[in-house]
Amino acid sequence: MNRSIATIYLAYDDSALTTYANAGLLRRAQKDVAANRIKLVESSNAEQIALNSDGQTVILPSSGLTNASCDCSSVSACKHILASVLYVQALAKSGKGQE
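Report on the accompanying structure. Here the structure is a predicted model, which is why all the values come from computation and not from measurement.

## Section: the packing of aromatic side chains
Part 1 of the reasoning: Applying the stated criterion across every chain, the model contains 1 aromatic pair.
Part 2 of the reasoning: Centre to centre, the rings of Tyr 9 and Tyr 12 are 5.7 Å apart; their planes meet at 40°, and the pair counts as tilted.
Part 3 of the reasoning: Residue classification places Tyr 9 among the buried residues on the basis of a relative accessible area of 0%.

## Observations regarding the packing of helix H1 (residues 3–10) against helix H4 (residues 79–94)
Part 1 of the reasoning: Two elements in contact, H1 and H4, have axes whose closest approach is 9 Å; the angle formed by their N-to-C orientations is 115°. Viewed along their axes, H1 and H4 form a crossing whose handedness is left-handed. Together, Ala 6, Tyr 9 and Leu 10 of H1 and Val 85, Val 88, Gln 89, Ala 92 and Lys 93 of H4 make up the contact between the two elements.
Part 2 of the reasoning: Of the residues contributing to the contact of H1 with H4, the split by class is 6 nonpolar, 1 polar and 1 charged.

## Looking at the environment of Leu 25
Part 1 of the reasoning: The topology assignment puts Leu 25 in helix H3 (residues 23–34).
Part 2 of the reasoning: Overall, Leu 25 belongs to the buried group, its relative accessible area being 14%.
Part 3 of the reasoning: Between the C-alpha atom of Leu 25 and that of Lys 79, which follows or precedes it by 54 residues, the distance is 5.3 Å.
Part 4 of the reasoning: When near neighbours in sequence (up to four residues on either side) are disregarded, Leu 25 contacts Ala 77, Cys 78, Lys 79 and Leu 82.

Cut-offs applied
- Residues numbered from 1 in each chain as written.
- Predicted model: local features only at pLDDT ≥ 70, side-chain atom pairs only at ≥ 80, totals over all residues.
- Heavy atoms only, no water.
- Phe/Tyr/Trp six-rings, centres within 6.5 Å; stacked < 30°, edge-to-face > 60°.
- Buried < 20%, exposed > 50% of the residue type's maximum accessible area, 1.4 Å probe, protein only.
- Axes fitted to C-alpha atoms, helices over the stretch in contact; angles between N-to-C directions.
- Helix = DSSP H or I, 4+ residues; strand = E, 2+ residues; numbered from the N terminus.
- Left-handed = near helix turned anticlockwise from the far one by under 90°.
- Contact = heavy atoms within 4.5 Å.
- Nonpolar A, V, L, I, M, F, W, Y, C, P; charged D, E, K, R; others polar.

Following this line, the structure appears as structure tokens:
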């Protein structure tokens, strides 16, 4: 996984993620991570990390959370993006998925 991008997403704590979405979505995202519903798809790109979150494709760009995207039907923040951020944070903290 691209360390520089992962570092960007390590900066988002639960308070920031709740502000981005809401506490309910964050709880649902945490449950998805605990249930292993997130998979790393592509991490070698210097500009983004691609993940599969509960069947949805999520792109976490180097430009940060507000530019993250998901192919679900939500028009704003969604649990898939939050779960992907939490997953990347967990990988970065554990040292797994590092290049």
